[in-house]
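Breakdown of the fold
Residues per chain are reported as follows:
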Amino acid sequence: MNRRMTWAGLAALGMTAAVACTTTDDAAPPASTPSTAVNSTPAPSSVPPPSSPTPTPSPTPSAPAPDPVSLQALSAKKYPGGTLRLGRVLARNAAYTRYFVTYPSGSLTISGILNVPSTPGPHPALVLNHGHIDPAIYTNGRGLMREQDYLARRGYVVLHTDYRNHAQSSKDPGNEVNVRLGYTEDAINAVLALRTSQYVDPNRIGMLGRSMGGGITYNVLVAQPGLVKAAVVFAPVSSDAVDNFNRWTRPNTTVANAIVRAHGAPNRNPTFWRNISAVNFFDRVTEPVLIHHGSADSTCPIAWSTETLAALKKAGKNATMYTYPGEEHAFGPAWPTSMARTVSFLKQQGL
């Protein structure tokens, strides 16, 4: 199956169809040239023919607007950014201070935590995108706790986002039906908010995602290339949205039926599903990508990362994957090794 479709290709397809259905008569009938007599006597009753009206040019067809629920729409969207606001101190130790923070994401307010190293700044920074945790039990800063601590102790400002509908973040009732693309928008705005922090070097920001957060990270890379300097994903979901829908959403018939009513099933509206799948737009990626995946992962099959790596390589991208024999989804004995490799990779990219 051809899983690649660039946005330029989609726009060109729309343009081609529009032009094929438009007929334009650009040439006006030539004006009659008055006959000239052999002698100098004018021809009797010589009347010039009426001039033909100049045809009105047909308007140039424009490419159709992208579906608002698509990676193309996230690319075209304007992100004014906003201030990262520090709240109360949650914890403090010799290595870093932990703050409750909020930042704007469109009309919403997103909560999170910020770990600020005690060493002099400005520091490189990372946005951390956590995996799926039921919003009903989720609490501020929950998820990627080991990574938050490890990275802050190595000199990174760490912004762990709560996403919309989580903890103290604003509610977005349409997020599930819109296949959670709102989380990608929240991650994009997290980077923009970090740039406003006095503790952060705005030119040295990366992104790290785990599981569902890995998929969000892929979305950010294709929707806003150049936003970050590098990206790391741990045990990520598939870069093809159909795989994720079939594995987790279909069993939840209430949500699955709502999505199908709004956007169509993958076999009935394949265009929609292609346009929310990062794998089809890897040609847009400009950042180096590091993938970590355990061979025994029973939640996100390692084959998904193998396929993603192959697609990135086919697109000519700088992508590396480490596999960990026997490691499950959460990583155990190999976690320290994976983190040491992560920091080494980030430093190689200037972070």
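Compared with an ideal rise of 1.5 Å per residue, which puts 12 residues at 16 Å, helix H5 (residues 212-223) spans 17 Å between its outermost C-alpha atoms and is within 8% of the ideal. Of all 12 residues making up H5, 12 are buried, and the element is well covered by its neighbours. Regarding H5, the residues found buried are Met-212, Gly-213, Gly-214, Gly-215, Ile-216, Thr-217, Tyr-218, Asn-219, Val-220, Leu-221, Val-222 and Ala-223.

Further remarks concern the nonpolar core. Within the largest apolar cluster, 59 residues are counted, with the highest numbers of intra-cluster contacts made by Leu-84, Leu-114, Leu-194 and Phe-282. Considering every element that reaches this core, the biggest residue donor is helix H4 (residues 181-194), with nine residues. Among residues more than four places away in sequence, those in contact with Leu-84 are Val-101, Thr-102, Tyr-103, Leu-114, Leu-159, Ala-193, Leu-194, Thr-196 and Ser-197. The next biggest cluster of nonpolar side chains, apart from the first, holds 24 residues, and it includes Tyr-150, Ala-152, Val-232 and Phe-234.

Summed over all chains, the structure comprises six salt bridges. Among the salt bridges present, the one from Arg-153 reaches Asp-149, with a minimum N-O distance of 3.0 Å. Overall, Arg-153 belongs to the partly exposed group, its relative accessible area being 46%. Given the relative accessible area of 27%, Asp-149 is considered partly exposed. The partner of Arg-180 in a salt bridge is Glu-176, with the nearest N and O atoms 3.1 Å apart. The class of Arg-180 is partly exposed, set by a relative accessible area of 27%.

A residue-level look at the chain finds 82% of positions with pLDDT of 70 or above and a mean pLDDT of 87. Here residues 1-48 is a poorly scored stretch, pLDDT under 50, and it has 43 contacts once near neighbours within four places are set aside; other chains count.

This next bit is on the pairing of strand E9 (residues 319-324). Taken together, the six bridges between strand E8 (residues 289-294) and E9 define a ladder with parallel strand orientation. Directly across from Ile-291, in E9, lies its bridge partner Met-321. For the handedness criterion, the β-α-β arrangement of E8, helix H9 (residues 302-314) and E9 is classed as right-handed.

So, about the layout of surface pockets. Rolled over the atoms, a probe with the dimensions of a water molecule shows which regions are left empty. Of the pockets and cavities examined, the largest pocket occupies roughly 880 Å³. In terms of lining, the largest pocket is formed by 40 residues, of which the most central are Arg-180, Met-212, Val-237, Asn-244 and Trp-248. Taken together, the residues of the lining of the largest pocket sort by class into 18 nonpolar, 16 polar and six charged.

Analysis parameters
Residues numbered from 1 in each chain as written. Predicted model: local features only at pLDDT ≥ 70, side-chain atom pairs only at ≥ 80, totals over all residues. Heavy atoms only, no water. Helix = DSSP H or I, 4+ residues; strand = E, 2+ residues; numbered from the N terminus. Expected span 1.5 Å × (residues − 1). Buried < 20%, exposed > 50% of the residue type's maximum accessible area, 1.4 Å probe, protein only. Core = buried A, V, L, I, M, F, W, Y, C linked by side-chain atoms within 4.5 Å. Contact = heavy atoms within 4.5 Å. Salt bridge = Lys/Arg side-chain N within 4 Å of Asp/Glu carboxyl O. pLDDT = per-residue confidence, 0-100. Pairing = 2+ DSSP bridges. Right-handed = clockwise from strand over helix to strand, strands pointing away. 1 Å grid on protein atoms, 1.4 Å probe; cavity = no way out; pocket = protein on both sides within 12 Å on 5 of 7 lines; lining within 4 Å. Points joined across faces, edges and corners; volume = space filled by probe spheres on them. Nonpolar A, V, L, I, M, F, W, Y, C, P; charged D, E, K, R; others polar.

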